[in-house]
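Observations on chain architecture
So the chains spell out like this:
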Number of protein chains: 2
Amino acid sequence: MNISDGVVERLFRKSHLIPTIIKDYRTGRILMMAYMNRESLEKTLETGYTWFYSRSRHRLWNKGETSGHVQKVLKITADCDYDTLLIKVKQSGPACHTGHTSCFFNVIWRSEEQYK
Amino acid sequence: MNISDGVVERLFRKSHLIPTIIKDYRTGRILMMAYMNRESLEKTLETGYTWFYSRSRHRLWNKGETSGHVQKVLKITADCDYDTLLIKVKQSGPACHTGHTSCFFNVIWRSEEQYK
């Protein structure tokens, strides 16, 4: 897997950490959001599986390193100003450490007219 | 629109800005990612339309305030550790200021085995 140095440079110009949205390629569900630094993006490209940077533990982590619930990368898209990534993955098992399919399970507000 | 003070408190405990993913309720596409501070979340809840905090302009902004391409809020979900939001919206017009439907239009890598 390879992307140009120019693109990598551009992604980390404003900040050394960029938010990365992980989407299930099959269901279209948003699974989680985590941060990538340049090194974790490089490890992701090198291995074909997602790697992130943990802000609390100050180190790289490979999604699924302990649980086995890895994410195979299928498509990487940057937004209009190249400061956020969207990655479509093939997820093994649940994405959330709580056992939920997706980390987004706390509904805090819902419209009455939803899906009308 | 109302959510409890406890939840709002929890969302902004670690940081005064939280990444907010905006998803089209109809197509399931990720439209954009922007940041909310407490005040912009409150304005969003008050008006039923998305408000964000601009890190470059240091002020609140209402999505669509100049373009008219507003986002009506249908559902707000927090992730497992309450530091990221996912909002399903009814989008008027294109979400991106470039005229694209979604801000995520720069494909930087794609697997050959995608969607197999």
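Above this note sits the structure.
Let me begin by describing the structure that accompanies this report. (Residues numbered from 1 in each chain as written. Chains lettered and ligands numbered in written order. Predicted model: local features only at pLDDT ≥ 70, side-chain atom pairs only at ≥ 80, totals over all residues. Heavy atoms only, no water.)

1. Some points on the relation of the copies chain B and chain A
Short version of the rule: Overlaid copies result from least-squares superposition on C-alpha atoms, with residues included only where pLDDT is at least 70 in both. Any two residues having at least one pair of non-hydrogen atoms within 4.5 Å are treated as being in contact.
Mapping chain B onto chain A calls for a rotation angle of 180° and an axial translation of 0.0 Å; the resulting RMSD is 0.0 Å. Accordingly, the operation relating the two chain copies is best matched by a two-fold axis. When each C-alpha of chain B is compared by its distance to the rotation axis, G28(B) comes out closest, at 3.3 Å. Both copies contact each other with a shared surface, as 100% of the interface residues of chain B are interface residues in chain A too.

2. Overview of the layout of surface pockets
Take a probe with the size of a water molecule and roll it over the atoms, and the empty space left behind shows itself. Stated formally: In this analysis, the protein atoms alone were mapped onto a 1 Å grid. Cavities are point sets where a 1.4 Å probe fits without being able to get out; pockets are open sets with protein on both sides within 12 Å along at least five of seven lines; lining residues have an atom within 4 Å of a point. Grid points are joined across faces, edges and corners, and a volume is the space filled by probe spheres set on the points. Strands here are runs of E lasting at least two residues and helices are runs of H or I lasting at least four, both read from the DSSP assignment and numbered beginning at the N terminus. In this classification, the charged set is Asp, Glu, Lys and Arg, the nonpolar set is Ala, Val, Leu, Ile, Met, Phe, Trp, Tyr, Cys and Pro, and all remaining amino acids, among them Gly, are polar.
Estimated volume of the second largest pocket: approximately 230 Å³. Considering the residues around the second largest pocket, the lining is formed by 14 residues, among which K23(A), K75(A), L86(A), K88(A) and R29(B) are closest to the centre. Elements that contribute at least two residues to the lining of the second largest pocket include exactly β5 (71–78) and β6 (85–91) of chain A. Grouping the amino acids of the lining of the second largest pocket by side-chain chemistry returns four nonpolar, five polar and five charged.

3. Considerations on the environment of E65(A)
Residue and element names in this part refer to chain A. Relative to the elements of secondary structure, E65 occurs in the loop between β4 (59–62) and β5. Residues E65 and S15, spaced 50 residues apart in sequence, show a C-alpha to C-alpha distance of 26 Å. Non-local contacts of E65, meaning those with residues more than four positions away in its chain, are made with R57 and R59.

4. Observations regarding the packing of aromatic side chains
For any pair of aromatic rings, the description consists of the separation of the ring centres together with the inter-plane angle of the planes. All names here are of chain A. Short version of the rule: Between the rings of Phe, Tyr and Trp (Trp by its six-membered ring), a pair exists once the centres lie within 6.5 Å; its type follows the angle of the planes, with under 30 degrees stacked, over 60 edge-to-face, and the other angles tilted. Relative accessibility under 20% of the residue-type maximum defines a buried residue, over 50% an exposed one, and the middle range a partly exposed one, all with a 1.4 Å probe and only protein chains included. Charge-over-ring placement is defined geometrically: NZ (Lys) or CZ (Arg) within 6 Å of the ring centre, and within 35 degrees of the ring normal.
If you walk through the whole model with that rule in mind, you get two aromatic pairs over all chains. With a centroid separation of 5.1 Å and an interplanar angle of 40°, the aromatic rings of F52 and W61 are classed as tilted. Just as F52 is buried, W61 falls in that class too. Between K43 and the ring centre of W51, over which it is positioned, the NZ or CZ distance is 4.4 Å.

5. Examining the interface of chain B and chain A
The test is simple: Accessible area, probed at 1.4 Å, shrinks when two parts are joined; the buried area is that loss added up over both. In the sections that follow, a salt bridge refers to a side-chain nitrogen of Lys or Arg positioned within 4 Å of a carboxyl oxygen of Asp or Glu. If DSSP finds at least two bridges between two strands, the strands pair.
Taken together, the 47 residues of chain B in the interface contact 47 residues of chain A. Where chain B abuts chain A, roughly 4,000 Å² becomes buried across the two surfaces, and 65% of that area is made up of carbon and sulfur atoms. Of all residues in chain B, the largest losses of buried area upon contact with chain A belong to F104(B), I108(B) and W109(B), amounting jointly to 20% of the total for that side. On the surface where chain B and chain A come into contact, there are zero salt bridges. Contributions of two or more residues to the side of chain B that touches chain A are made by α1 (5–11), β1 (18–24), β2 (30–36), β5 (71–78), β6 (85–91) and β7 (106–110) of chain B. Looking at the side of chain B that touches chain A element by element, the count peaks at seven residues for β5(B). Along the lines of polarity and charge, the residues of the side of chain B that touches chain A split into 26 nonpolar, nine polar and twelve charged. Bridge analysis of β5(A) against β7(B) gives four bridges, and the strand direction is antiparallel. Considered in β7(B), the bridge of T77(A) is made with V107(B).

6. What about the sheet that holds β6(B)?
Sheet strands pair via backbone hydrogen bonds, and the direction of the pair is either parallel or antiparallel. Definition in use: Only the stretch in contact is used when fitting a helix axis, every axis being a line fitted to C-alpha atoms; angles between N-to-C directions are given from 0 to 180 degrees.
If you walk across this open sheet you meet the five strands as β7(A)-β5(B)-β6(B)-β1(B)-β2(B), and the pairing is mixed. Looking along the sheet, the strands with just one partner apiece sit at the ends: β7 (106–110) of chain A together with β2 of chain B. In this sheet, adjacent strand axes meet at a mean angle of 25° when their direction is disregarded. When β1(B) meets β2(B), the two strands line up antiparallel, connected through six bridges. Each residue of the ladder has a partner; that of I21(B), found in β2(B), is M33(B). Packed onto the sheet, helix α2 (residues 38–47) of chain B meets β2, β5 and β6 of chain B and runs at close to 125° relative to β2(B).

7. A look at the pattern of salt bridges
Any two side chains of opposite charge can pair, on the condition that their charged atoms come close. Within this structure, the stated rule accounts for ten salt bridges over all chains. Note that K14(B) is salt-bridged to D83(B), the shortest N-O span being 2.7 Å. Of this pair, K14(B) sits in the loop between α1 and β1 while D83(B) sits in the loop between β5 and β6, placing them 69 residues apart in sequence. Classification of K14(B) by relative accessible area gives exposed; the value is 61%. Judged by relative accessible area, which is 12%, D83(B) ranks as buried. Among the ionic pairs, E65(B) bridges to R59(B), the shortest N-O distance being 3.7 Å. Residues joined by salt bridges that share partners form a network here, namely E9(A), R38(A) and E42(A).

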